[in-house]
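Residue-level listing of the chains:
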Amino acid sequence: MCGIVGFVGQGNTKDILLAGLSRLEYRGYDSAGIALYSQPFTMVKAVGKLEELKKKVSASKDCQLPYSMGIGHTRWATHGKASEKNAHPHLSMHKDVVLVHNGIIENFAELKTFLQEQGYSFYSDTDTEVAVNLIEYYYRKDKDILKALFSVQKELKGSYAFAIMFQEDDKTLYTMRKDSPLIVGKGENAFYLASDVSAFLDYTNEIYPVENREILSLSEKEIHIYNKNAEEVQRSSTIAELSQSQIHKGEYLHFMEKEIFEQPKVVKNTLLYACKEENVEQLDNVKPEENTASGSEQFSSVMEEPENAEKPNFSYEAFSMTEKDFQEISRVRVIACGSAYHAGWVLKSVCESLARVPVQVELASEFRYNHPILEKGELVISISQSGETADTLAAVKEAKKLGAKTLSIVNVKGSAIARESDFVFYTQAGPEIAVATTKAYSCQLAAGYIFSLLLAKAKGKISKEETRSLTEELFLLPGKIQQCLSFDQEILPMAKELKDADNIFFLGRGLDWAISMEGALKLKEISYIHCESYSSGELKHGTISLIEKGSPVIGLLSQEELAGKSISNIHEVRSRGAKCFAIRMEDIAIEEEDFAGSLSVPKTHPLFAGSLLVLPLQFLSYQVSLLKGFDPDKPRNLAKSVTVE
């Protein structure tokens, strides 16, 4: 949500900024702008897609001049509607300072009143204009840029990442952050900054992470980092783990398509990450691109005797925990938003089944306001792709305040939620560019399976034989996910029948209901069709009144013990005119004539079925979006990383 870029040094500043903003489009936005250092600053803003900004920049004679420093921004409207006056960058009243901002200034109203009393006036509805004027106020008062920034840091409440230029310093770009992502890149005679490393990865992979409450000054050849106590900090650069190929679509039409097809690999990588280090080389032989039989043979060969040989197994240390930490868990509370929340429901089913430990799943946005009661021994698990989700981060802080131990399952190393948590597990999805998550969700499912298996093992709830069997089944999942990639085209007939629907209903019981929630969300996110997921057993408690002739209903069937009941529920809606579709595990028998279409996924352990059922649901959403002429990578009104409440 919102993206910032900045550049100082030798290079084509304008083009670097626009290219960086293009890389950040996935974060969601409704306006964009750039500011180039000149006297006065050269600024261009536009409402709508980035193409509108590029057209205005191309038409501007001023923008064609050479510049050595600039900042840019994609804005997702929070304070004030999407308009040019509210778009970033924002200029201070006396035109001394210009900045871009990602985050929310919570006390902007009182600061605005203070500044108005000092004679400041405002042209926008944003909290950001308050921040830029507060910086100018202290700069004019102190005549010292760093002193002014530290004074402002003490005044601001909320979250922010700023990229700032001062009219009287033509060689230095300033930046500061609190609870919003920011990273600096070092190039040849240049420095870059951005919300995400992907914004400048085409130019450099040498990076400096920026810690909370730090202030940095960047020039062509120098970087200076200051902590919250205004002390200069020495820090070495590191090399970004991402490669350029990971942030390009390659042969695929869309990032979403690419990321669906990457799932066998990233799920495998997540399983490997959870293993003891000495086993990884062996387990790397289980190749997801090979068929299930050969995958099984490879795993079996790894698991073969001699009896005293160490078997591949999952490690408590992958969660930054010890066996004792697991043994002390008496309850689990999962807090998350969106798809991560749905992954939490799967974790609940698997964990309660295997470990017999009660699990409660809560929306992170509601957690703090429900007056939570946390028991001794209760572990709070937060799940977030970005590790920056504002509601989830706030919930983690609240849980810690209440004395709970916290574990985060995140995809970004060093993210705010990871740093805030006592324990952390890093999923291995790699960068996910499409707004609608696919591969990160699948990795979250895998992390939940592994956690549940380790907890069951630590609690003595499953035998060594059961542990071995379940571990083996998990390592066969990548190969079975690979098989499910054929649904890319097989799903088309179903997609064509559903593309013109106004409402679509998803039904399931138990784990199938948990997966149906994700299926409904995915389809509504990128096709804009109203979709809802219901537990099949709740039909007669109100939902069935919505069924009429032609109503599309998608039933998920993977749990053998519940399949009969679910099929009975489908018969109930079919008898009232619903057009029914089935997505099932291959060993679940159905009467084909009862369904307008059906697909079957390979057989796996019922607890892990969600990892296969979700593939056709992802492809269905993708194909319906294409059939309706939409861009599945950039759905309207949505942001990839929700960094505000």
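Here is a short report on the structure shown in this document. (Residues numbered from 1 in each chain as written. Predicted model: local features only at pLDDT ≥ 70, side-chain atom pairs only at ≥ 80, totals over all residues. Heavy atoms only, no water.)

1. Section: helix H15 (residues 439-458)
Across its 20 residues, H15 extends 29 Å between first and last C-alpha, which sits within 8% of the 28 Å expected from 1.5 Å per residue. Of all 20 residues that make up H15, 19 are buried, and the element is covered over most of its length. Two residues or fewer after H15 comes Gly460, characterised by a positive phi angle close to 70°. (Helix = DSSP H or I, 4+ residues; strand = E, 2+ residues; numbered from the N terminus. Expected span 1.5 Å × (residues − 1). Buried < 20%, exposed > 50% of the residue type's maximum accessible area, 1.4 Å probe, protein only.)

2. With respect to the side chain of Thr128
The residue Thr128 is located in helix H4 (residues 127-142) in this model. A polar contact of 2.8 Å, which involves the side chain of Thr128, links it to the side chain of His101. Not counting residues up to four positions away in its chain, the partners in contact with Thr128 are His88, His90, Leu99 and His101. (Polar contact = N/O pair within 3.5 Å; in protein donor to acceptor, adjacent residues only side chain to side chain. Contact = heavy atoms within 4.5 Å.)

3. Section: the pattern of salt bridges
Counted under the stated rule, the structure contains 28 salt bridges. For Glu262, the salt bridge identified is with Lys439, shortest N-O distance 2.7 Å. Of the two residues, Glu262 sits in the loop between helix H6 (255-261) and helix H7 (263-273) while Lys439 sits in helix H15, which places them 177 residues apart along the sequence. By relative accessible area, Lys439 is classed as buried at 3%. Salt-bridge contacts for Lys522 lead to Glu518; the nearest nitrogen and oxygen are separated by 2.9 Å. Here Glu518 and Lys522 lie together in helix H19 (residues 511-527), a separation of four residues that amounts to about one turn. Classification of Lys522 as buried rests on a relative accessible area of 1%. (Salt bridge = Lys/Arg side-chain N within 4 Å of Asp/Glu carboxyl O.)

4. Structural notes on the sheet that holds strand S2 (residues 31-36)
Taken in spatial order, the eight strands make up an open sheet running S3-S2-S4-S1-S10-S9-S11-S15, and their pairing is antiparallel. Of all strands in the sheet, those bounded by a partner on one side alone are strand S3 (42-47) and strand S15 (238-239). Taken together, the two bridges between strand S11 (residues 206-209) and S15 define a ladder with antiparallel strand orientation. Looking at S15, one finds that Ile207 is bridged to Thr238. Contacts from helix H2 (residues 50-59) reach S2 and S3 within the one sheet, and its direction differs from that of S3 by about 145°. (Pairing = 2+ DSSP bridges. Axes fitted to C-alpha atoms, helices over the stretch in contact; angles between N-to-C directions.)

5. Observations concerning unusual backbone geometry
For the peptide bond that leads from Gln39 to Pro40, omega is 0°, which places it in the cis range. Here Pro40 shows up in the loop between S2 and S3. Along the chain, His88 connects to Pro89 via a cis peptide bond; the corresponding omega equals 0°. Not every positive phi belongs to a glycine, and Ser320 is a case in point at roughly 60°. Along the chain, Ser320 turns up in the loop between helix H9 (292-303) and helix H10 (323-327). Positive phi, close to 55°, is recorded for Arg356, a residue that is not glycine. In this structure, Arg356 sits in the loop between helix H11 (338-355) and strand S17 (359-363). Take Arg356: its relative accessible area is 59%, and that puts it in the exposed class.

6. Considerations on the pairing of strand S22 (residues 530-535)
Direction of pairing for strand S21 (residues 503-508) relative to S22: parallel, over a ladder of six bridges. Of the residues in S22, the one forming a bridge with Phe506 is Ser533.

7. A few points about the packing of aromatic side chains
Summed over all chains, the structure comprises 24 aromatic pairs. On the numbers, 5.7 Å between centres and 70° between planes, the contact of Phe261 with Phe619 is edge-to-face. Pair noted here: Phe261 is in helix H6 and Phe619 is in helix H21 (residues 610-627), with a separation of 358 residues, a long-range link. The exposure class of Phe261 is partly exposed, given its relative accessible area of 23%. On the accessibility criterion, Phe619 (0% relative accessible area) is buried. Of the aromatic side chains, those joined through ring pairs into one cluster are Tyr273, Tyr316, Phe319, Phe326, Phe425 and Phe451. The ring of Phe122 has Lys112 lying over it, and the distance from NZ or CZ to the ring centre is 5.1 Å. (Phe/Tyr/Trp six-rings, centres within 6.5 Å; stacked < 30°, edge-to-face > 60°. Lys NZ or Arg CZ within 6 Å of the ring centre and 35° of its normal.)

8. So, the pairing of strand S16 (residues 331-336)
The buried fraction of S16 amounts to five of the six residues, a majority that puts the element mostly inside the structure. Sheet analysis places S16 next to strand S18 (residues 378-384), joined by six bridges and oriented parallel. Within S18, the position partnered with Arg331 by the bridge is Glu378. In this sheet, S17 lies alongside S16 in parallel orientation, the contact comprising five bridges. Within S17, the position partnered with Val332 by the bridge is Val359. In this region the chain leaves S16, passes through H11 and returns to the parallel neighbour S17; the handedness of that crossover is right-handed. (Right-handed = clockwise from strand over helix to strand, strands pointing away.)

9. Thoughts on the environment of Glu257
Within the fold, Glu257 resides in helix H6. Given a relative accessible area of 13%, Glu257 falls into the buried group. Sequence separation between Glu257 and Leu173 is 84 residues, and the spatial gap between their C-alpha atoms is 38 Å. Once residues within four sequence positions are removed from consideration, Glu257 is found in contact with Tyr252, Asp488 and Tyr622. At 3.1 Å, the side chain of Glu257 forms a polar contact with the backbone nitrogen of Leu253.

10. As for the nonpolar core
Counting residues in each nonpolar core, the largest one holds 143 residues, and the members touching the most others are Leu53, Phe314, Phe319, Phe326, Ile381 and Phe451. Ranked by residues supplied to this core, first place goes to H15 with 12 residues. Not counting chain neighbours up to four residues away, the residues in contact with Phe326 comprise Tyr316, Phe319, Met321, Phe451, Leu454, Leu455, Ala458 and Lys459. If you look at the next biggest cluster of nonpolar residues, it comprises 30 residues, including Phe108, Ala131, Phe150 and Leu156. (Core = buried A, V, L, I, M, F, W, Y, C linked by side-chain atoms within 4.5 Å.)

11. Section: the sheet that holds strand S20 (residues 423-426)
Across the sheet, five strands lie side by side as S17-S16-S18-S19-S20; this open sheet has parallel pairing. One side of each edge strand has no neighbouring strand; the edge strands of this open sheet are S17 and S20. Pairwise comparison of adjacent strand axes, ignoring direction, gives a mean angle of 20° for this sheet. Packing against the sheet, H15 makes contact with S16, S18, strand S19 (405-410) and S20, and its axis sits at approximately 160° to S18.

12. Some details on the environment of Ile526
Among the secondary structure elements, Ile526 is positioned in helix H19. Look at Ile526 and you get buried, because its relative accessible area is 0%. Not counting chain neighbours up to four residues away, the residues in contact with Ile526 comprise Met256, Ala436, Ser621, Tyr622, Ser625, Phe630, Pro632 and Pro635.

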